[in-house]
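Tertiary structure, described
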Amino acid sequence: MQTNFSLAQLADPAMAASEKILRTCVHCGFCTATCPTYLLLGDELDSPRGRIYLIKDMLEGGKPASPEVVRHVDRCLSCLSCMTTCPSGVHYMHLVDHARAHIEKTYPRPAGDRLLRAVLAMVLPYPARFRLALRAAKLGQPFKGLVARLPQVGNRLAAMLDLAPAAMPAPNRTNRPGTFPPQGGRAAKRVALLRGCAQSVLRPDFNEAAIRLLNRHGVEVVHAQEGCCGALTHHMGKEHSSHAHAKQAIDAWDAEIARGLDAILVTASGCGTTIKDYGFMFRDDPAYAEKAARVSALAKDVTEFAATLPLMAPVVESDLVVAYHSACSMQHGQGIRTEPKALLTRAGFTVKEVPEGHICCGSAGTYNILQPEIAEKLRARKVGNIERIRPDVIATGNIGCATQIGKGTAIPIVHTVELLDWATGGPKPAALEAVRPRLAAAE
């Protein structure tokens, strides 16, 4: 793609990076075939290629974001399926991140939209605040119909009430800074584990299972004082907030790196994609460039790391059929496609591919709140594809997907690591207590 940025514009590192990405695009349109919003809406401007044209025009012309640009960029899930499909290697993620930051700086959103986004940024990254918000949401659920009628933000507030869990897990004992030593003596490896923000409130059992699995296999686990990784606000274009969260995490993990770390593990693939990108995000920050690059180099999804361990043979015999849902941030953002399925198969489960597995479920961070109508259609499509293969359980590696899909089906949904923990000696996941093995059911 031909570009016409001025030398003054290209002096800005962010603009120079985006100009390079734009020049990589050859207009081929392969991305349209795998873009969820284009498949649903059929609008060229709701495809990656269309958004690239809009972003190019906005950045190249030095223009404030227009309502049209905002509408179509806001509809982008950042699922990154287009990056998997693209034969030219267009780094769409960095381009749309830049566009969102530009929108945040130059576009005056309506008051209701601005307030809602500010509340999300002030609540979701903080577990204590998020827990209080979920309690308030439970009280507000009977009034969802009235809430939905509010102007500007009613549909999104109703979506928030819908997503709130019927019951909230109690605070977990492992969700604290500290060290969890391995079973049976000296540690073979030492890792830090992201505690997370929303996940630590919604599904603390995910990290608890990860700690048990790692400890059982000789790995010492450290919880640092890292806080939120910044992913949620990063994808809302709120650079100041996201970078502040990221810097806190980088400082905490860099201190642990100095004490010796083999990896920084993440059980939420949406967070993992952002953490692996810290090196790019802070490439021009003299105080953080080296530290951020060190953190990104050590960051791994928990299944990516588990695949390098000599996992013990399964001690639980199970004939459960597992539908593995590969989160977009896992398969497209991090390129991790085979490891989770291979681990589940080694653990004795029958793993089935989900039809249209490359298409997003509609979670995408805060997308299912900010774009609830599109998210609901994508969830229905995903759930329909999962239920077609008649699994006993759904496994995934991202809290957003677990919450989104779980609201659309009665099939239990667990983290991949919960099944691996159970198979190698841990407790049966609570979500599976009502699931009868197929052989027992046949008898």
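Residues numbered from 1 in each chain as written. Predicted model: local features only at pLDDT ≥ 70, side-chain atom pairs only at ≥ 80, totals over all residues. Heavy atoms only, no water.

1. Let's talk about the side chain of arginine 156
Condition: Helix and strand assignments come from DSSP, with helices taken as H or I runs of at least 4 residues and strands as E runs of at least 2, each series counted from the N terminus. Working definition: with a 1.4 Å probe on protein chains only, accessible area under 20% of the residue-type maximum means buried, over 50% means exposed, and in between means partly exposed. Should any heavy atoms of two residues lie within 4.5 Å, those residues are considered in contact.
If you trace the backbone, arginine 156 turns up in helix α11 (residues 154-163). Arginine 156 sits in the buried class, given a relative accessible area of 10%. For arginine 156, the residues in contact, after removing those within four places along its chain, are Asp113, Leu116, Ile369, Leu370 and Pro372.

2. Description of the environment of proline 36
One can find proline 36 in helix α3 (residues 36-41). Residues proline 36 and tyrosine 107 lie 71 residues apart in sequence; the distance between their C-alpha atoms is 25 Å.

3. A closer look at the layout of surface pockets
The criterion, for reference: Method remark: on a 1 Å grid restricted to protein atoms, a set of points is classed as a cavity if a 1.4 Å probe fits but cannot get out and as a pocket if it is open with protein on both sides within 12 Å along at least five of seven lines; lining residues have an atom within 4 Å of a point. Grid points are joined across faces, edges and corners, and a volume is the space filled by probe spheres set on the points. Polar here means any residue outside two lists: the nonpolar Ala, Val, Leu, Ile, Met, Phe, Trp, Tyr, Cys and Pro, and the charged Asp, Glu, Lys and Arg; Gly therefore counts as polar.
Here the second largest pocket is characterised by a volume of approximately 510 Å³. Considering the residues around the second largest pocket, the lining is formed by 25 residues, among which Ala14, His98, Glu239, His243 and Arg283 are closest to the centre. When contributions to the lining of the second largest pocket are tallied by element, the ones reaching two or more residues are α2 (13-24), α7 (92-106), α15 (239-259) and α17 (278-281). Examining the composition of the lining of the second largest pocket, we find that 7 residues originate from one element, α7, more than from any other. Looking at the lining of the second largest pocket, its residues break down into 10 nonpolar, 6 polar and 9 charged.

4. Quick look at the sheet that holds strand β7 (residues 350-353)
This is how it is decided: Being paired, for any two strands, means DSSP has found at least two bridges between them. Axis definition: a line fit to C-alpha positions, over the contact stretch in the case of helices; interaxial angles, taken between N-to-C directions, run 0 to 180 degrees.
Spatially, 4 strands are ordered β7-β6-β8-β9 in an open sheet, and the strand pairing comes out parallel. Here the strands that pair on one side only, and so sit at the sheet edges, are β7 and β9 (413-415). Across the sheet, the axes of successive neighbouring strands diverge by a mean angle of 35°, strand direction being ignored. As paired elements, strand β8 (residues 393-396) and β9 share 3 bridges and run parallel to each other. What sits directly across from isoleucine 394, in β9, is isoleucine 413.

5. Points about empty space enclosed by the protein
All chains considered together, the criterion is met by 4 cavities of 30 Å³ or more. Estimates place the volume of the largest cavity at around 140 Å³. Looking at the largest cavity, it is lined by 16 residues, and the ones nearest its centre are Cys25, Cys31, Ile52, Cys86 and Val90. Those elements giving two or more residues to the lining of the largest cavity turn out to be α4 (48-60) and α6 (81-85). For the lining of the largest cavity, the leading source of residues is α4, giving 3 residues. Of the residues assigned to the lining of the largest cavity, the class counts are 13 nonpolar, 2 polar and 1 charged. Approximately 90 Å³ is the volume attributed to the second largest cavity. In this structure, the second largest cavity is lined by 13 residues; those nearest its centre are Cys35, Pro48, Cys76, Cys79 and Cys82.

6. Considering helix α5 (residues 67-74)
Of the positions making up α5, those classed as buried are Val69, Val70, His72, Val73 and Asp74. Looking at the buried positions of α5, the neighbouring elements they touch are α4, α7, α8 (111-123) and α22 (367-370).

7. Thoughts on the packing of α11 against helix α23 (residues 372-388)
Selection rule: Each angle receives one of four descriptions, namely roughly parallel if under 35 degrees, roughly antiparallel if over 145, roughly perpendicular if within 65 to 115, and oblique otherwise.
Two numbers describe how α11 lies on α23: the axes approach to 10 Å, and their chain directions differ by 40°. Between α11 and α23, the crossing angle belongs to the class labelled oblique. Residues Asn155, Arg156, Ala159 and Leu163 of α11 form the contact with α23, whose participating residues are Pro372, Glu373 and Arg379. Each residue belonging to the contact of α11 with α23 can be placed in one class, and the counts come to 3 nonpolar, 1 polar and 3 charged.

8. Quick word on the pattern of salt bridges
Counted only if it meets this: Every case where a carboxyl oxygen of Asp or Glu lies within 4 Å of a side-chain nitrogen of Lys or Arg is listed as a salt bridge.
All chains considered together, the criterion is met by 30 salt bridges. A salt bridge links glutamate 60 to lysine 56, with the shortest nitrogen-to-oxygen separation between them at 2.9 Å. Here lysine 56 and glutamate 60 lie together in helix α4, a separation of 4 residues that amounts to about one turn. With respect to class, glutamate 60 is no different from lysine 56; both count as buried.

9. Some words on the nonpolar core
Basically, it comes down to this: Only buried Ala, Val, Leu, Ile, Met, Phe, Trp, Tyr and Cys residues count toward a nonpolar core, and they belong to the same one when joined by side-chain atoms within 4.5 Å.
Core analysis: the largest hydrophobic core is formed by 93 residues, its most contacted members being Trp253, Ile275, Tyr278, Phe349 and Leu419. Those residues in contact with phenylalanine 349, other than ones at most four positions away along the chain, are Ser318, Leu320, Val322, Leu344, Leu419, Trp422 and Ala423. One finds Leu22, Ala65, Cys76 and Val96 within the second-largest nonpolar core, a separate group that totals 25 residues.

10. Quick look at unusual backbone geometry
For leucine 80, which is not glycine, the phi dihedral falls at a positive 65°. Summarising the element assignment, leucine 80 is placed in the loop between α5 and α6. Unusually for a residue other than glycine, alanine 364 sits at a positive phi of about 50°. You can see alanine 364 is positioned in the loop between β7 and α22.

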